[in-house]
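Coordinate inspection notes
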Amino acid sequence: MDLDLFNEKQETYTAKNIKTFVGVPNLPDKLNSLITIADNMWWCWNSDAYELFKRVDVCMWEKTYHNPKAMFDSINQERLVELSQDDSFISHVERVKNALDKYLGMNTWYAQYCSDYANLKFAYFSTEFAIHESIPIYSGGLGVLSGDHLKSASDMGLPLVGVGLLYKYGYFRQRLSFDGLQQEEYIENNFLHMPLDLIKNDDGSELIIDIDILNQTIYARAWKIKVGRIPLYLLDTDIDKNSKDARTITWQLYGGDRDMRIRQEIVLGIGGAKLLKALKIDPDVIHINEGHSAFLLLEKIRQRMENGLSFDASFQIVKSNCVFTTHTPVPAGNEVFASDLFLKYFEVLCQKFGISKEQLLQLGEFSFNQRDFSMTIFALKTSNKANGVSRLHATVARDMWQGIWTNLPKKEVPITHITNGVHTNTWISNEFSDLFDRYLGEAWRDEPADQTIWNRVTHIPDAEIWRGHERRRERLVTFARSRLRKQLERNGATRKIINLADEVLDPEALTIGFARRFASYKRGNLIFKDLDRIKKILTNKDFPVQIIMAGKAHPQDSIGKSIIQNIISLSKDPDLRRKVVFLEEYDVNVAHYLVQGADIWLNNPLRPEEASGTSGMKAAVNGVLNFSVLDGWWCEGYNGGNGWAIGSIKLYPDRNCQDLVESRDIYEILENEIIPLFFTRGQDGIPRGWAQKIKFSMQTLGPVFNTNRMIEEYTKKFYIPTALEYAKYKKDNYEPAKTKSAWVKSIYGNWNAVKFISMSDNISSEMRVSSEITVQAKVYLGTISPNDISVQIYSGFATDEQSISEPTIGVMNLISKDGDNYIFEGKIPIDKVGKCAYSIRALPQYEGEIQVLPGLIKWI
């Protein structure tokens, strides 16, 4: 018999008749709580729970990359029996289980301070979530921020759900050749080894969401991850019901061509909105975290129109329901689809919505003549509130997107800022969390935004701060050596070179950490600009300094890849091979070691292209001092004494000149400030000045740059006000939304008729302070009611550019009517000394509130 033929027939036959089942660990009864703990990702920010899993089998814990569910699926049954007979281990299990129960049942911030809004529900959409390294469905900063958002929302008790995609292969795993060439490897995620629950219907069948894409129906199943109190729902199209092509939609994060990207974002946005409806969740607020999920707005409009509302009324109710966060001024972060590609997928909506192709495209355009559909513009136009992720980024964003609101001054563009933060409990080292417990009290864990708690850092002895940090640096060096050794072994290096991995780095040297995405604007090689000078710094035997770097370049970013390759080439220089190490596969785990073990956190992006950045925040809470360009969050964090600033806010027209100036600043601050402070030791070997700076950094940065503070801001400034507006428009079968949409349509239809006829005032050549100017304006409104318009005085200092700076806005009152014209009058208090100016403008107002609508502002 032909054995191959027999096997082939057997495989084909059995494939048609197999029945699947899932094997689960057979834990002794005393260990059942381990499964409960492992099923809630709360364990990954509770150090006692983390140590519990590590204690089960430290080798298997490392082999499964810190994944308790995978570990239990692989562990020897004899070991489980042994643990069930270990009273100390059972006690540890009970302690952690009790801590989880206490956490889930405790009185939260939201319950205490937002009790009037207990029935609200918030939904948070993001294309990636970094909860833990064992769930590799993230790329970098956006995912880490999203994960930390959910964790703090859980800690604070927000009624929030997360929505995203479950990627079969996630983002690529970085492999670096011996020559430093980045290679991308995609490893399949085994969902059965992750803390995922498949969402099922009441009859036990899988919940399936159907999404129409072109002429095909795409099906997606839904999974849930418990992130403390927060459910995170993830859609997955890799199911038998789909075609082969459709199954690949959720294979790779940020993978594929433009067609794949738009289909992926359709599944995220439209599929996510359909999922919430299937789960009977009607969120009072939908938070669109970056523009990737913005297609959900189209689905929400469609759902409202199914209930009998017009497109305009549906648009109004959806707009009142959503908030949007933009994360980057870099073009790659602001998704744009060519108009023909967008219409290929969405022209079908025109008939359903009763609008033209041009009207549909205009939702994502600055103007009709711009032939691209921007997801960021679409989200900005269709959201109730919008924010950048730092004060500087909001300024940059207002400048970028001012064209949406033509003729509106930049400062009034409706994009505010809520600065990012980090989830302190996730990122802090065990050494410092233990120190904080002893000297700050355990309240810091639940209230990391409380300044009075952080003030107690001054009570921590310098020696304890220093020793704790030294242990983290030693662990970082050990980790870096081990990782480098494995990297060399995989690349087939000689035994001599592999053994050198055990000699790189010095656990007592001043260690500079640099880890982030390797995009060109982040300037990963800036510190090597003057190679001779940095060599002199790094090779000083009396004051040893070293650099540990990590980061990925996008697969299509040849410049970023070349920067990595260049750094790895430099690390082979005989003078630098023990001083410069580049670690491959930068992920959450590697980040923990780096932000906890470095002495200095270097960050040198091109200002103002770093929207926020959060790695420096993680470093600060671990006693790592920031050394950064004044960009992103560091503009707000730096106070002159809690770290160091590179360069100034000055921008040079020539990139090479900018690099030259700021690289020199790096060298000078290292040579004259950082290195002397680090190596100035007392008789006990403690660098007292350095320890004091660590404590000052912690005191000033810790209570501000955390996600608890961030979540509180989102709740008070965005979520609750938006929920209240949404509730207002839902009343009486959406009558307020219908009325408002009709008003908006009328205002747009009649706005061109508005014009200023004349303006008069009582200005003399000089006006004394404390006096006032009376201004009158005659305005023609056409069919618009004077109650629907706000005529305003815009006054301030006159600039050389014939514009007004430091403006104040005064409302003019209607005093009379002259034929078809209305007379408005207002006052300008003289409170400035110098050359001043004013102008008059008109904006629409609805029920007494100014409406900032694209294109609706008229200046005299």
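Report follows, based on the coordinates.

Cut-off values and rules
Residues numbered from 1 in each chain as written. Predicted model: local features only at pLDDT ≥ 70, side-chain atom pairs only at ≥ 80, totals over all residues. Heavy atoms only, no water. Helix = DSSP H or I, 4+ residues; strand = E, 2+ residues; numbered from the N terminus. Rg over C-alpha atoms; globule rule 2.2 N^0.38 Å. Areas by Shrake-Rupley, 256 points an atom, 1.4 Å probe, with all protein chains shown as cover. Axes fitted to C-alpha atoms, helices over the stretch in contact; angles between N-to-C directions. Parallel < 35°, antiparallel > 145°, perpendicular 65-115°, else oblique. Left-handed = near helix turned anticlockwise from the far one by under 90°. Contact = heavy atoms within 4.5 Å. Buried < 20%, exposed > 50% of the residue type's maximum accessible area, 1.4 Å probe, protein only. Pairing = 2+ DSSP bridges. Salt bridge = Lys/Arg side-chain N within 4 Å of Asp/Glu carboxyl O. Core = buried A, V, L, I, M, F, W, Y, C linked by side-chain atoms within 4.5 Å. Disulfide = S-S within 2.5 Å. 1 Å grid on protein atoms, 1.4 Å probe; cavity = no way out; pocket = protein on both sides within 12 Å on 5 of 7 lines; lining within 4 Å. Points joined across faces, edges and corners; volume = space filled by probe spheres on them. Nonpolar A, V, L, I, M, F, W, Y, C, P; charged D, E, K, R; others polar.

**Remarks on the overall build of the chain**
Secondary structure assignment for the chain yields 32 helices and 29 strands. Computed over C-alpha atoms, the radius of gyration of the chain comes to 30 Å, within 12% of the 29 Å expected from 2.2 N^0.38 for 860 residues, which places it in the range of a compact globule. Seen through its C-alpha atoms, the chain measures out along the principal axes to roughly 95 × 75 × 50 Å. Element-wise, carbon and sulfur atoms account for 48% of the exposed surface of the chain, whose accessible area totals about 36400 Å².

**Concerning the packing of helix α25 (residues 531-538) against helix α30 (residues 655-679)**
Running from N to C, α25 and α30 point in directions that differ by 20 degrees, and their axes come no closer than 10 Å. Here α25 lies roughly parallel to α30, going by the angle between them. Once α25 is placed against α30, the crossing between them reads as left-handed. The residues of α30 that touch α25, namely those facing Arg533, Ile534 and Ile537, are Arg664, Tyr667, Glu668, Leu670, Glu671 and Ile675.

**Observations concerning unusual backbone geometry**
The peptide bond linking Arg607 to Pro608 adopts the cis configuration, its omega dihedral lying at 0 degrees. One can find Pro608 in the loop between β18 (600-603) and α28 (615-621). One non-glycine residue with positive phi stands out, namely Arg523, at about 50 degrees. By the secondary structure assignment, Arg523 is in the loop between β15 (510-515) and α25. Classification of Arg523 as buried rests on a relative accessible area of 1%. The residue Glu847 is not glycine, and still its phi comes out positive at about 50 degrees.

**Some details on the sheet that holds strand β22 (residues 772-780)**
One open sheet accounts for four strands, arranged β21-β22-β26-β25; its pairing is antiparallel. Among the strands making up the open sheet, the edge pair consists of β21 (755-761) and β25 (813-818). Pairs of neighbouring strands in the sheet enclose a mean axial angle of 25 degrees, with direction left out of account.

**Section: the side chain of Asn40**
Tracing the sequence through the fold places Asn40 in the loop between α2 (32-38) and α3 (47-56). Apart from the residues within four sequence positions on either side, Asn40 is in contact with Leu100, Leu104, Lys226, Val227 and Gly228.

**With respect to the environment of Trp43**
Along the polypeptide, Trp43 turns up in the loop between α2 and α3. You can call Trp43 buried: its relative accessible area is 1%. For the pair formed by Trp43 and Thr614, sequence separation is 571 residues and the distance between their alpha carbons is 22 Å. If we ignore the near neighbours within four places in the chain, the residues touching Trp43 are Ile37, Ala38, Ala49, Tyr50, Phe53, Trp61, His66, Pro68 and His132.

**Re the sheet that holds strand β17 (residues 580-583)**
Within a beta sheet, neighbouring strands are joined by backbone hydrogen bonds and run either parallel or antiparallel to one another. Read from one edge to the other, the open sheet built from six strands follows the order β17-β16-β15-β18-β19-β20, with strand pairing classed as parallel. The open sheet has two edge strands, β17 and β20 (643-646), and neither has a second partner. The average angle at which neighbouring strand axes cross in this sheet is 20 degrees, direction not considered. Bridge analysis of β18 against strand β19 (residues 625-629) gives four bridges, and the strand direction is parallel. Each residue of the ladder has a partner; that of Asn603, found in β19, is Ser628. Running at roughly 140 degrees to β17, helix α26 (residues 558-571) makes contact with β16 (545-550) and β17 of the sheet. The strands touched by helix α27 (residues 588-597) are β15, β16, β17 and β18; relative to β16, the strand with the most contacts, the crossing angle is about 155 degrees.

**Considering the pattern of salt bridges**
Where charged atoms from two side chains of opposite charge approach closely, those side chains can pair. As enumerated under the stated definition, the model contains 50 salt bridges in all. Of the charged contacts, one joins Asp437 and Arg445 as a salt bridge, the two residues approaching to 2.8 Å between their closest N and O atoms. Given the relative accessible area of 23%, Arg445 is considered partly exposed. As a salt-bridge pair, Lys738 and Glu735 come within 3.3 Å of each other at their nearest N and O atoms. With Lys738 and Glu735 both in helix α32 (residues 707-750) and three residues apart, the pair spans about one turn of that helix. Where salt bridges share partners, they join Lys168, Asp238, Asp240 and Arg247 into one cluster.

**Brief notes about the nonpolar core**
Leu158, Phe295, Phe346 and Tyr719 are the most contacted members of the largest nonpolar core, which totals 146 residues. Looking at this core element by element, the count peaks at 11 residues for α32. Not counting residues up to four positions away in its chain, the partners in contact with Leu158 are Trp109, Tyr110, Phe122, Ala153, Ile230, Ile711, Thr715 and Tyr719.

**Quick notes on the state of the cysteines**
This model, assessed by the stated rule, comprises zero disulfides. Cysteine Cys657 is unpaired, with the sulfur of Cys635 as its nearest cysteine sulfur at 20 Å.

**With respect to the environment of Met812**
Checked against the element boundaries, Met812 lands in the loop between β24 (804-811) and β25. Residues Met812 and Gln792 lie 20 residues apart in sequence; the distance between their C-alpha atoms is 5.4 Å.

**Regarding empty space enclosed by the protein**
For the coordinates displayed, the defined rule picks out two cavities of 30 Å³ or more. Size it by volume and the largest cavity reaches roughly 50 Å³. What lines the largest cavity is Val422, Thr424, Met617, Ala620, Val621, Leu701, Gly702, Phe705 and Asn706. For the lining of the largest cavity, the leading source of residues is α28, giving three residues. Of the residues contributing to the lining of the largest cavity, the split by class is six nonpolar, three polar and no charged. There is about 40 Å³ of room inside the second largest cavity.

Read these as spatial facts, not as claims about activity.
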